[in-house]
Amino acid sequence: MSSSPVKVAVTGAAGQIGYSLLFRIASGAVYGPDTPVQLQLLEITPALKALEGVVMELDDCAFPTLAGVEIGDDAEKIFDGVNLALLVGARPRGPGMERGDLLEANGAIFTAQGKALNKVAADDVRIGVTGNPANTNALIAQRNAPDIPADRFSALTRLDHNRAISQLAARTGSSVTEIAHMTIWGNHSATQYPDLFHATVGGRNAAEVVDDQAWIENDFVPTVAKRGAAIIEARGSSSAASAASATIDAARDWLHGSAADDWVSMAVQSDGSYGIPEGLIYSFPVTTSGGDWSIVQGLDIDEFSRGRMDATAAELIEERDAVQALGLI
Ligand code: NAD
Ligand code: LMR
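Along each chain, numbering runs from 1 in the same order as the chain's sequence is written. Note on labels: chains are lettered from A, ligands numbered from 1, in written order. Per-residue local features of the predicted model are confined to residues with pLDDT of at least 70, and side-chain atom pairs are confined, for both listing and counting, to 80 or more; whole-chain, interface and lining totals are unaffected and use all residues. The side-chain figures draw on all heavy atoms in the structure; neither hydrogens nor water molecules are used.

Note the threshold: UniProt positions are given in the numbering used here, feature names are shortened, and annotations may be inferred rather than shown by experiment.
Under an unreviewed UniProt entry, the chain has the name Malate dehydrogenase and belongs to Aeromicrobium marinum DSM 15272. Taken verbatim from the UniProt record of the chain, the Sequence similarities (unreviewed entry) comment is "Belongs to the LDH/MDH superfamily. MDH type 2 family." Database annotation for the chain, UniProt heading Catalytic activity (unreviewed entry): "(S)-malate + NAD(+) = oxaloacetate + NADH + H(+)".

Structural data, given as structure tokens:
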């Protein structure tokens, strides 16, 4: 085992996603069995006691890869020297809260955390945002961390990507391992566009295999886009283990590289590719290698896809303008 641990920060660590995520990071799911990990866990003050209980459980697992755990409610202390920051903690929508209220409440969290990361994170830090509204929270953190390269920030659409793979596998009677080149475009919200026109099933074009535009439009796209709401309806609370698993998949592939013959979906800063306005944190098909990502170029976009891609971009523009008006970016 290498001697100096990587430092991984997780915010909202006492929450539902944290309860699944921490144990997987601690057991080597991101960095593998040979790299010790130091967990740096941020919570709000009232949740620290519950977090102490989670730390007792982490201790009780005796994970060989867990080098240590630090907890606290001060972002500058917790983010000090971190190599990976997973920003999961966010303010959920409460009764009577409008979308603008939610953006404002989360804006306060992500401006402060962006500033703290800017000040104290390690030079090689990568920041993944899971807390909703994830794309716009990532934008706020990024804009408040001017010394961190902008491409170090991403928001999670890997859960949507995994959901899309699973739905397509079920429809085509194939295994998830036969599916490649899935793409989620846009926002992690109901406007996202899961794209079957470039996906493949056993090497064949997925839309051709399915051969049913009505199913794609009226079943596949809404099922994937509204899966989060369906889980809330069924479980009484939002997806947690699957969200943690996707957070792990995204971090692992970002740091260690996507499969050579495939790509993944990540919400990253747009460089204008596919006509998406520059600067938006928009989910694209990307390949990753050694902590860098690059947007897959040259995909043909038909009229149906164009409309969906523009609609989800329009929602992100609205969110960006709202947080701009609030002075958060
Ligand atoms: P949760 O309410 O169980 O936990 C959130 C935790 O964040 C709480 O313990 C809370 O105390 C903490 N927190 C709040 N403000 C904080 C701050 N300023 N600093 C540190 N911690 C803070 O929620 P959860 O189920 O774990 O979900 C977390 C977030 O992830 C939510 O915003 C949820 O909507 C989002 N989510 C995103 C995806 C995705 O695919 N992107 C999927 C599922 C859930
Ligand atoms: C999810 O996709 O499961 C979450 O983002 C839950 C939600 O609030 O929609």
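**Some words on the overall build of the chain**
Just so we agree on the cut-off: Numbering of helices and strands starts at the N terminus; helices are DSSP runs of H or I of at least 4 residues and strands are runs of E of at least 2. In this treatment the radius of gyration is a C-alpha quantity, and the globule benchmark scales as 2.2 Å times the residue count to the 0.38 power. Per-residue accessibility, obtained with a 1.4 Å probe over protein chains only, is compared with the maximum for each type, and a residue is labelled buried under 20%, exposed over 50%, and partly exposed between these values. Whether two residues touch is decided by their heavy atoms; if any such pair falls within 4.5 Å, the residues are in contact. All accessible-area figures derive from a Shrake-Rupley calculation using a 1.4 Å probe, and residue coverage is judged against the displayed protein chains alone. The positive count covers Lys and Arg only, the negative count covers Asp and Glu only, and His and the chain ends enter neither. By convention, the charge on Lys lies at NZ, on Arg at CZ, on Asp at CG and on Glu at CD.
A count of helices and strands for the chain gives 11 helices and 14 strands. Computed over the C-alpha atoms, the radius of gyration of the chain is 19 Å, within 12% of the 20 Å expected from 2.2 N^0.38 for a compact globule of 329 residues. Oriented by its inertia axes, the alpha-carbon framework of the chain measures out at about 50 × 45 × 40 Å. For the chain, buried positions account for 55% of its 329 residues. Taking contacts inside the chain between residues at least 6 apart in sequence as the whole, the part at least 24 apart equals 72%. Accessible area for the chain stands at about 13,700 Å²; split by element, carbon and sulfur atoms hold 50% of it. Of the charged side chains in the chain, 23 are positive and 42 negative, and the gap between their average positions amounts to 3 Å.

**A look at the packing of aromatic side chains**
As a reminder, the rule being used: Put simply, two rings from Phe, Tyr or Trp (the six-membered ring, in Trp's case) pair if the centres are within 6.5 Å, and we call them stacked under 30 degrees between planes, edge-to-face over 60, tilted for the rest. Charge-over-ring placement is defined geometrically: NZ (Lys) or CZ (Arg) within 6 Å of the ring centre, and within 35 degrees of the ring normal.
Applying the stated criterion across every chain, the model contains seven aromatic pairs. Consider the rings of Trp 185 and Phe 284, whose centres lie 6.2 Å apart with planes at 75°: the pair is edge-to-face. On the criterion of sequence distance, the pair formed by Trp 185 in strand β8 (residues 183-185) and Phe 284 in strand β13 (residues 281-289) is long-range, its members being 99 residues apart. Residue class for Phe 284 comes out buried when judged on its relative accessible area of 0%. Between Phe 197 and Phe 304 the ring centres are 6.1 Å apart and the planes differ by 70°, which places this aromatic pair in the edge-to-face class. Pair noted here: Phe 197 is in the loop between β9 (193-195) and β10 (200-201) and Phe 304 is in helix α11 (residues 303-325), with a separation of 107 residues, a long-range link. Take Phe 197 and Phe 304: they sit in the same class, and that class is buried. A network of ring pairs unites the aromatic residues Trp 185, Tyr 274, Tyr 282 and Phe 284 as a single cluster. The cationic tip of Arg 171 hangs over the ring face of Trp 215; the distance from NZ or CZ to the ring centre is 4.7 Å.

**Description of the site of ligand 2**
We count it as follows: Each residue is tested against the molecule or strand, and it is near if at least one of its non-hydrogen atoms lies within 4 Å. Within 3.5 Å is the distance limit for a polar contact, defined as a pair of N or O atoms, with the added protein rule that one can donate a hydrogen and the other accept it, and that residues adjacent in sequence qualify only through two side-chain atoms. Residues were grouped as follows: Ala, Val, Leu, Ile, Met, Phe, Trp, Tyr, Cys and Pro as nonpolar; Asp, Glu, Lys and Arg as charged; and all remaining residues, including Gly, as polar.
If you check the shell around ligand 2, you find Asn 132, Arg 163, His 188, Gly 228, Ile 232, Ser 238 and Ser 239 and nothing else. Contact between ligand 2 and Ser 239: an oxygen atom at 2.7 Å from a side-chain N or O atom of the residue. If ligand 2 stood free it would expose 270 Å²; the protein chains cover 73% of that surface. In terms of residue class, the shell around ligand 2 is made up of one nonpolar, five polar and one charged.

**Quick look at the UniProt feature "binding site: NAD(+)" (unreviewed entry) in the chain**
Under the UniProt annotation, "binding site: NAD(+)" (unreviewed entry) lies at Gly 12, Ala 13, Ala 14, Gly 15, Gln 16, Ile 17, Gly 18, Asn 106, Gln 113, Thr 130, Gly 131 and Asn 132. Here Ala 13 lies in the loop between β1 (6-11) and α1 (16-26). On the basis of relative accessibility, which here comes to 1%, the residue Ala 13 falls in the buried class. Residue contacts for Ala 13: discarding those within four places in its chain leaves Gly 18, Tyr 19, Leu 22, Leu 41, Leu 42, Glu 43 and Leu 51.

**Looking at the pairing of strand β2 (residues 37-42)**
What counts here: Orienting the strands away from the viewer, one traces the path from the first strand over the helix to the second; a clockwise path indicates a right-handed crossover. Here, any two strands with at least 2 DSSP bridges between them count as paired.
The element β2 is largely enclosed, with a buried count of six among its six residues. Burial along β2 is two-sided: Val 37, Leu 39 and Leu 41 facing one way and Gln 38, Gln 40 and Leu 42 facing the other are all buried. Taking the sense of rotation as the criterion, the β-α-β connection linking β1, α1 and β2 turns out right-handed. Here β2 pairs with strand β3 (residues 66-72) via six bridges, running parallel. Paired with Leu 41 across the strands is Ile 71, a residue of β3.

**Thoughts on the UniProt feature "domain: Lactate/malate dehydrogenase C-terminal" (unreviewed entry) in the chain**
Following the UniProt record, the feature "domain: Lactate/malate dehydrogenase C-terminal" (unreviewed entry) maps to residues 157-323 here. As annotated, residues 157-323 comprises 47% helix and 19% strand, and the C-alpha atoms at either end are separated by 21 Å.

**Some thoughts on the sheet that holds β10**
Spatially, the three strands line up as an open sheet ordered β7-β10-β11, and their pairing is antiparallel. Taken across any chain shown, the strands that pair with only one partner, and hence form the sheet edges, are β7 (179-180) and β11 (204-205). Two strands pair when backbone bridges link them, and β10 and β11 are joined in this way by two bridges, in the antiparallel orientation. The partner of Thr 200 across the bridge, within β11, is Asn 205.

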